[in-house]
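Observations on chain architecture
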Amino acid sequence: MTKLAYFPGCSLKDNAKRFEDAAFFVMETLGAPLEELETWNCCGTVYSLADDDLMHHIASVRNFIRTKEAGSEELVTLCAMCYNTLARVAGRVEAHADELEKINAFMDREEDYEGGIRIRHILQVLRDTIGWEALSETVVRPLDNLKIAAYYGCTLVRPQETGIDDMERPVVMADALAAVGAEPVTFPFEAECCGTYQIVDEPHLALEQSNRILRSARLAGADVVVTACPLCQHNLEQALIAPVGESEEIKSIQVVYFTELLAAALGADEATMSPVVREILSTSVTAEGGA
Amino acid sequence: MADEKLTQIYIMGKAYDVPVGVTIMDAMEYAGYRFIRGAGCRSGFCGACGTVYRKAGEYRLEFVLACQEMVEEGMHLTQLPFTPAPRSDYTLAELDPSENVLLQHYPEIARCVSCNTCTKACPQEIEVMDYIQAALRGDVAKVAELSFDCIACGLCAMRCPADIKHYHVGQMGRRLHGVADLATPEHLTARIAQLDGGAFDGEMETLASASLADLKAKYAERVIEKVQEPEVATEEVAT
Ligand code: SF4
Ligand code: SF4
Ligand code: FES
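Residues numbered from 1 in each chain as written. Chains lettered and ligands numbered in written order. Predicted model: local features only at pLDDT ≥ 70, side-chain atom pairs only at ≥ 80, totals over all residues. Heavy atoms only, no water.

**Some words on the overall build of chain B**
Formally: Here a strand is any run of E in DSSP of at least two residues, a helix any run of H or I of at least four, and the numbering for each starts at the N terminus. Partly exposed describes any residue whose relative accessible area lies between the buried limit of under 20% and the exposed limit of over 50%, with all areas from a 1.4 Å probe on protein chains only and scaled to the type maximum. Throughout, a contact is declared for two residues whenever any of their heavy atoms are within 4.5 Å. Only the protein chains shown count as covering a residue, and every accessible area follows the Shrake-Rupley method with a 1.4 Å probe. Positive charges come from Lys and Arg alone, negative charges from Asp and Glu alone, with His and the N- and C-terminal ends not counted. Charge coordinates come from a single atom per side chain, which is NZ of Lys, CZ of Arg, CG of Asp or CD of Glu.
The helix and strand inventory of chain B stands at 10 helices and five strands. On the principal axes, the C-alpha backbone points of chain B span a range of 60 × 55 × 30 Å. In chain B, buried positions account for 37% of the 239 residues. Sequence separation of at least 24 residues holds for 61% of the intrachain contacts in chain B that already meet a minimum separation of 6. When the accessible area of chain B is evaluated, it comes to approximately 14,400 Å², of which 53% is carbon and sulfur surface. If you average the places of the 22 positive and of the 35 negative side-chain charges in chain B, the two averages end up 8 Å apart.

Spelled out as structure tokens, the structure:
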């Protein structure tokens, strides 16, 4: 398979580096390596909902131009928020030629964007291009007996136009983990909001939300919650550190990025794993080495 | 003077006839302006002379250094020699470069909307937006590399809709990169030891106590060293 034009986003170069490192390993192993755009800028962080706020879509549009320059029609992302912002802007300017014209006119003396870039989340690539079977066949360290709760949050599945799966009962991340031997549990808060940026100004709001998610996953029997978003990951981690109310249940649960577990299953070197993943492998996964 | 060719420009809205083929800075002095600020090296290095102009019939503003740009017929211009942009206070040795200290010290970089206006304003043709974006994701080496030619003219910071103080971010990035990633050049260490040992104190004292007439004479007689091929000076800085 050819290389995939890849947009990392800022968090993946900073506090979510392990999310990305694991994804590089997974895609390399699957023969579809990620090739980071040579130049890229922040996606815009949050998709602006105002009708007349075109300024905040320029950031995404610039990345589409860079994708074209890299000779690709597709741009693959890892962060759920980047995916959401990029995909919504791509759809919006495709549907509103007048808005794209304005953005191009503003950029002036620069390359125009003519449309045509498709944004894909890496889970879509795994499901639709590589396939669960091929993923299964690559496993060298099956995650047997590991019960996982796939937590999607908002931005991967909503709104419907850009959602990568059913917006209320998504399965794609659970399917990916099932393909490498883990056992997904179902729990009712899989697509609830983690509290997002409230963690900055009103931390208790985000912590309560995140706490509910973790508790629900634990009560459903999960050992590990897997995420696809640095902000979800952060909020859930914060809830682990500073539990609110009755939260004994959540103390024994772990939170990791889905790519970290995939990388572990596909044979990543233990030295490259985060301590949490190493702990999961040694305590919950009973396959390799008969530990 | 009588046969000198003149052209008309507008300085802060007032029309002046100035000689053809001179820099904006020379034209302003010709028109009677005297620089207390807004001029320094007169060679395009110090960044003191940031200037904006618009040509007749043109919708764009252009951003230049007054000491480098030639006047053109019908130019409307003003200087922007100073940008109010306080620098964050830090002690380099106390910073932990593994954390995103650029973002901590200049949190407004997260407001960047990628409009690229800063890049278009830069008279040094630096990819200003790209170094701010690199700062946002904590890529200090990239910030240092991209911002290397910055002369702190401030024009980018005057234009940014997000009120970012680009050149301070770039400078901090270069400092962090220098401390964290680059080897200390030997010649620098040697020179600092020389200074600390007082090797030049005598000469300094002689100069400091010299009369104005002596100083003028010394200046007139000074020998300017030939530029050496950069074999020692720059090579050792590399990693
Ligand atoms: S980056 Fe900004 S301050 Fe530095 S030279 Fe360019 S415009 Fe001037
Ligand atoms: S002018 Fe400001 S907001 Fe626009 S790209 Fe430059 S730093 Fe970002
Ligand atoms: S006077 Fe120094 S750059 Fe123009």
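**Digging into the confidence of the model for chain A**
The test is simple: Residue-level confidence of the predictor is summarised by pLDDT, bounded by 0 at the bottom and 100 at the top.
Per-residue pLDDT for chain A has a mean of 94; in total, 96% of the residues score no lower than 70. The low-confidence segment residues 287–291 of chain A (pLDDT under 50) makes three contacts with residues lying over four places distant or belonging to another chain.

**So, the sheet that holds strand E7 (residues 224–227) of chain A**
All names here are of chain A. Going by this rule: Two strands are said to pair when DSSP picks up at least two bridges between them. Every axis in this analysis is a line fitted to C-alpha atoms, fitted for helices over the stretch in contact. Angles between the N-to-C directions lie between 0 and 180 degrees.
Strand order in this open sheet of four strands is E6-E5-E7-E8, and the pairing throughout is parallel. Of all the strands in the sheet, the pair left with one neighbour each is strand E6 (183–184) and strand E8 (254–257). Summarising the sheet, E7 and E8 pair through four bridges and their orientation is parallel. By the bridge assignment, Val225 is partnered in E8 with Val255. Sitting on the sheet, helix H7 (residues 172–179) touches strand E5 (147–150), E6 and E7, and the angle it makes with E5 is about 155°.

**What to know about the site of ligand 2**
Rules: When we say a residue is near a molecule or strand, we mean one of its heavy atoms is within 4 Å of it. All residues other than Ala, Val, Leu, Ile, Met, Phe, Trp, Tyr, Cys, Pro, Asp, Glu, Lys and Arg, Gly among them, are scored as polar; the first ten of these are nonpolar and the last four charged.
Every one of the 13 residues lining ligand 2 counts as a neighbour, but Cys112, Cys115, Asn116, Cys118 and Cys160 of chain B are closest to it. Partitioning the shell around ligand 2 into residue classes produces nine nonpolar, four polar and no charged.

**Concerning the interface of chain A and chain B**
Convention followed: By convention, the term buried area covers the 1.4 Å-probe accessible surface removed from two parts as they join, with the contributions of both added. The salt bridge criterion pairs a side-chain nitrogen of Lys or Arg with a carboxyl oxygen of Asp or Glu, the two atoms within 4 Å. Whenever two N or O atoms come within 3.5 Å, that pair is a polar contact, provided that in protein one can donate a hydrogen and the other can accept it, and provided that, for residues adjacent in sequence, both atoms are side-chain atoms.
Taken together, the contact pairs 17 residues of chain A with 16 residues of chain B. Across the chain A/chain B interface, buried area totals approximately 1,400 Å², and carbon plus sulfur atoms make up 48% of it. With its nearest N and O atoms 2.9 Å apart, the salt bridge here joins Arg109 of chain A to Glu62 of chain B. Across the chain A-chain B interface, the total number found is 11 residue pairs in polar contact (both at pLDDT 80 or more). Of all the secondary structure elements, the ones that give two or more residues to the side of chain A that touches chain B are helix H2 (58–69) and helix H4 (97–107) of chain A. Take the side of chain A that touches chain B: its biggest share by element is three residues, from H2 of chain A. A breakdown of the residues in the side of chain A that touches chain B according to their chemical character gives eight nonpolar, three polar and six charged.

**A closer look at the layout of surface pockets**
Put simply, the test is: Here a cavity denotes a set of grid points, spaced 1 Å apart and computed over the protein atoms alone, in which a 1.4 Å probe fits but from which it cannot get out, and a pocket denotes an open set meeting protein on both sides within 12 Å along at least five of seven lines; residues with an atom within 4 Å of a point are reported as lining. Grid points are joined across faces, edges and corners, and a volume is the space filled by probe spheres set on the points.
For the largest pocket, the calculated volume is near 1,000 Å³. Counting only elements with at least two residues in the lining of the largest pocket, the list comes to helix H3 (80–95), helix H8 (198–201) and helix H10 (230–241) of chain A together with helix H2 (101–105) of chain B. Per-element tally for the lining of the largest pocket: the top contributor is H10 of chain A, with three residues.

**Examining the environment of Asp130 of chain B**
Tracing the backbone through its elements, the reader meets Asp130 of chain B in helix H4 (residues 128–136). Once the C-alpha coordinates of Asp130 of chain B and Lys142 of chain B are considered, the two residues, 12 residues apart in sequence, prove to be 8.8 Å apart. Residues in contact with Asp130 of chain B, not counting those within four places in the same chain, are Thr39 of chain A together with Leu146 of chain B.

**Considerations on the side chain of Glu62 of chain B**
Examined against the element boundaries, Glu62 of chain B turns out to sit in strand E4 (residues 62–65). The exposure class of Glu62 of chain B is buried, given its relative accessible area of 18%. Of the polar contacts made by the side chain of Glu62 of chain B, one reaches the side chain of Arg109 of chain A; its length is 2.9 Å. In contact with Glu62 of chain B, not counting residues within four places along its chain, are Arg109 of chain A together with Thr51, Val52 and Tyr53 of chain B.

**Some details on the sheet that holds strand E4 (residues 118–121) of chain A**
All names here are of chain A. Sheet architecture is open: four strands sit in the order E2-E1-E3-E4, paired in parallel fashion. On the outer flanks of this sheet lie strand E2 (34–36) and E4, each paired with one strand and no other. In this sheet, adjacent strand axes meet at a mean angle of 45° when their direction is disregarded. With two bridges joining them, strand E1 (residues 4–7) and strand E3 (residues 74–77) adopt parallel strand pairing. Each residue of the ladder has a partner; that of Phe7, found in E3, is Thr77. This element, helix H1 (residues 17–29), spans E1 and E2 of the sheet and lies at about 130° to E2. Sheet strands in contact with H2 are E1, E3 and E4, and its direction is about 120° off that of E3.

**Digging into the packing of helix H9 (residues 203–219) of chain A against H10 of chain A**
Residue and element names in this part refer to chain A. Our working definition: The scheme is simple: roughly parallel for angles under 35 degrees, roughly antiparallel for over 145, roughly perpendicular for 65 to 115, oblique for anything else.
Their axes nearest at 8 Å, the elements H9 and H10 cross at an angle of 85°. Classified by the angle their axes make, H9 and H10 are roughly perpendicular. Mapping the contact onto sequence places Ala206, Leu207, Ser210, Asn211, Ile213 and Leu214 in H9 and Asn235, Leu236, Gln238, Ala239 and Leu240 in H10.

**Regarding helix H5 (residues 140–147) of chain B**
All names here are of chain B. Threshold: It is the directions from the helix axis to the C-beta atoms that the arc portrays.
Buried residues of H5: Val140, Val143, Ala144 and Ser147, and no others. Buried residues of H5, viewed axially, fall in a sector of 95°; they line one side. Looking at the buried positions of H5, the neighbouring elements they touch are H2, H4 and helix H7 (166–180).

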